[in-house]
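A look at the structure
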Amino acid sequence: MSQNTVQPIPEGFHSITPHVVCKDAVRAIEFYARAFGAEEIFRLTAPGGALIHATLRIGNSMLMLADECPPMGAFSPQKLGGTPVTIHLSVDDVDASFARAVGAGATPQMPVTEMFWGARYGVVHDPFGHAWSIATQVRNLSPEEIQAGLAAAMRDPVAKSA
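Residues numbered from 1 in each chain as written. Predicted model: local features only at pLDDT ≥ 70, side-chain atom pairs only at ≥ 80, totals over all residues. Heavy atoms only, no water.

Right, let's talk about the sheet that holds strand β5 (residues 86-90) for a bit. Within a sheet, adjacent strands bond to each other through the backbone by hydrogen bonds, running parallel or antiparallel. Taking strand neighbours across the sheet as the criterion, the four strands line up as β5-β8-β7-β6 in an open arrangement whose pairing is mixed. Strands with a single pairing partner mark the edges of an open sheet, and in this sheet they are β5 and β6 (107-114). Geometrically, the sheet is characterised by an average inter-axis angle of 15° between neighbouring strands, direction not taken into account. Alignment of β6 against strand β7 (residues 119-125), held across five bridges, turns out to be antiparallel. (Pairing = 2+ DSSP bridges. Helix = DSSP H or I, 4+ residues; strand = E, 2+ residues; numbered from the N terminus. Axes fitted to C-alpha atoms, helices over the stretch in contact; angles between N-to-C directions.)

Written out as structure tokens, the structure is:
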């Protein structure tokens, strides 16, 4: 009998994968497909209809999600009154991706702006309470250039780049 080789990190996954809790996770999957081009890989639904687990692929990364489950301590940002976590999405065209997310129903929190660290960067909140930063790297900068850019931005908050 042959043994299958088990990979410690499943194919398609990286060392860290966000796992978010949503109120109405099925609607969240539909939103993530429209807003970020997510592809559903796997879905596990409980007999009562609750989404126990889903895996989506966005770009080359995975996102896992589930419905709220208060007995397990799993609450959505809506139930908690917000989230301290931002999911960062690196894309080829931040302007198009930001517009797509907003067009799908995301709320802009910070417009796309060229930042002192060399990226065009913006932030949206999805309808389920999760924050997403979206960025495209447009300049390669040294750590010293980034530090100088931060110093300039702190002196002049209107300054967008160094």
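This paragraph deals with the pairing of β7. It is a general feature of regular strands that their side chains alternate between the two faces of the sheet. Here β7 lies mainly inside the structure; five of its seven residues are buried. Where β6 folds back onto β7 in an antiparallel hairpin, the turn is made up of four residues, including G118, whose phi is positive at roughly 95°. Here β7 runs beside strand β8 (residues 131-137); their pairing, made up of seven bridges, is antiparallel. Looking across to β8, one finds that A119 is bridged to Q137. The turn joining β7 and β8, which pair antiparallel and follow one another in sequence, is formed by five residues; a positive phi near 95° is taken by G129. (Buried < 20%, exposed > 50% of the residue type's maximum accessible area, 1.4 Å probe, protein only.)

Attention shifts here to the side chain of H53. Residue placement: H53 occurs in strand β3 (residues 51-58). On the basis of relative accessible area, H53 is assigned to the buried category, the value being 16%. At 2.9 Å, the side chain of H53 forms a polar contact with the side chain of T55. (Polar contact = N/O pair within 3.5 Å; in protein donor to acceptor, adjacent residues only side chain to side chain.)

A sheet is described by the order of its strands in space; here four strands give the open sequence β1-β4-β3-β2, paired in mixed fashion. Among the strands making up the open sheet, the edge pair consists of β1 (19-22) and β2 (39-45). Ignoring strand direction, the axes of neighbouring strands in this sheet form an average angle of 20°. Pairing analysis gives four bridges linking β1 to strand β4 (residues 61-67), with the strands arranged parallel. Residue pairing for β4: V20 is matched across the bridge by L65.

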